[in-house]
Amino acid sequence: MDKTHDPRHLDIQAFAQAGARLQGEGRLADWPRLLQEQRPGSDQPSGPVRWQLQGRMLPVAGGGAQVGLVLQAQVDLALQCQRCLTPVLEPVVAEREFLFVADEATAEALDDESEADVLVISRDFDALSLVEDELILSLPLVPRHEACPQQLPSQVADEAFEAASERPNPFAALAALKKGN
């Protein structure tokens, strides 16, 4: 990791102008919000969180340049399979581009027309929180095994439902009374 740039207190403008790159790897325990997404009591080992940030200046028509950041991150996270409810190790990958502008109004105006996410520039930007945010947003909506390790029941038998369907229909009794009149 580059000693001149601290990812917890990053001067985005200086980082992008230098075309600097930061990368790192950390234990999942160091990312508390991401750790909360892991299935409790999972015996499957989650992998380390790997991340990389690349600063860059993007040319703008009419002169000047815009501050940009490319983020890449990945982790293997033990989640709960939504079919069999057992742990499944899912690769979570985040790859995003960001543009930085001077204020919220400019960010809001550019956000709709830009493919990159637009954020307000800061001299004390917590890039590792952004990495964690992007990994959380990249979690699968429905984690599941390709093929579950245990056989799932293909039929449901509910004895209470079967017993209820054997009872006489109360409306049939009413129809019989109506015919008797």
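Q: What should I look at first to understand the side chain of histidine 145 in this one?
A: Relative to the helices and strands, histidine 145 resides in the loop between α4 (127-137) and α5 (159-166). The exposure class assigned to histidine 145 is buried, which follows from its relative accessible area of 13%. Looking at histidine 145, its side chain comes within polar contact range of the main-chain oxygen of proline 87, at 3.0 Å.

Q: Can you help me understand the environment of proline 48 in this one?
A: One can find proline 48 in the loop between α2 (32-35) and β2 (49-59). For the pair proline 48 and alanine 29, spaced 19 residues apart in the sequence, the C-alpha separation amounts to 9.1 Å. Filtering out sequence-adjacent residues up to four positions away, proline 48 remains in contact with Glu25, Gly26, Gln74 and Val75.

Q: How do you make sense of the nonpolar core when you look at a structure like this?
A: The nonpolar side chains of soluble globular proteins are, as a tendency, buried together. Counting residues in hydrophobic clusters, the biggest one holds 30 residues, and the most contacted among them are Leu34, Trp51, Leu53, Leu71, Val131 and Leu135. At the level of elements, α1 (12-17), β2, β3 (65-80), β4 (87-101) and α4 are the ones that each hand at least two residues to this core. Counting residues in each nonpolar core, the second largest holds five residues, with Leu99, Val101, Ala116 and Val118 among its members.

Q: Is there a simple way to explain the pairing of β3 in this structure?
A: Consecutive side chains of a regular strand alternate in pointing toward one face of the sheet and then the other. Pairing of β2 with β3, which is carried by ten bridges, proceeds in the antiparallel orientation. Its bridge partner lying in β3, leucine 58 is registered against glutamine 66. Inspection of the sheet shows β3 paired to β4 by 14 bridges, in the antiparallel sense. Bridging from a neighbouring strand, alanine 78 pairs with leucine 89 of β4. Here β3 folds back onto β4 in antiparallel fashion, the turn holding six residues, of which leucine 85 has a positive phi close to 65°.

Q: For this particular structure, what's the right way to read the sheet that holds strand β1 (residues 21-26)?
A: Strand pairs in the sheet, formed through backbone hydrogen bonds, run parallel or antiparallel to each other. If you trace the five strands from one edge of the open sheet to the other, you get β1-β2-β3-β4-β5, paired in mixed fashion. The open sheet has two edge strands with one neighbour each: β1 and β5 (117-120). With direction set aside, neighbouring strand axes in the sheet form an average angle of 25°. Contacting β2, β3, β4 and β5, α4 runs over the sheet at an angle of about 55° to β3.

Q: What's the story with the side chain of glutamine 54 in this structure? I'm lost.
A: Mapping glutamine 54 onto the fold places it in strand β2. Residue glutamine 54 is classed as buried on the basis of its relative accessible area of 19%. Looking at glutamine 54, its side chain comes within polar contact range of the main-chain oxygen of glycine 19, at 3.0 Å. Reaching out from glutamine 54, the side chain makes a polar contact with the backbone oxygen of alanine 20 at a distance of 3.3 Å. Every residue in contact with glutamine 54, bar those within four places of it in the chain, is listed here: Phe15, Gly19, Ala20, Arg21, Gly68, Leu69 and Val70.

About the cut-offs
Residues numbered from 1 in each chain as written. Predicted model: local features only at pLDDT ≥ 70, side-chain atom pairs only at ≥ 80, totals over all residues. Heavy atoms only, no water. Helix = DSSP H or I, 4+ residues; strand = E, 2+ residues; numbered from the N terminus. Buried < 20%, exposed > 50% of the residue type's maximum accessible area, 1.4 Å probe, protein only. Polar contact = N/O pair within 3.5 Å; in protein donor to acceptor, adjacent residues only side chain to side chain. Contact = heavy atoms within 4.5 Å. Core = buried A, V, L, I, M, F, W, Y, C linked by side-chain atoms within 4.5 Å. Pairing = 2+ DSSP bridges. Axes fitted to C-alpha atoms, helices over the stretch in contact; angles between N-to-C directions.

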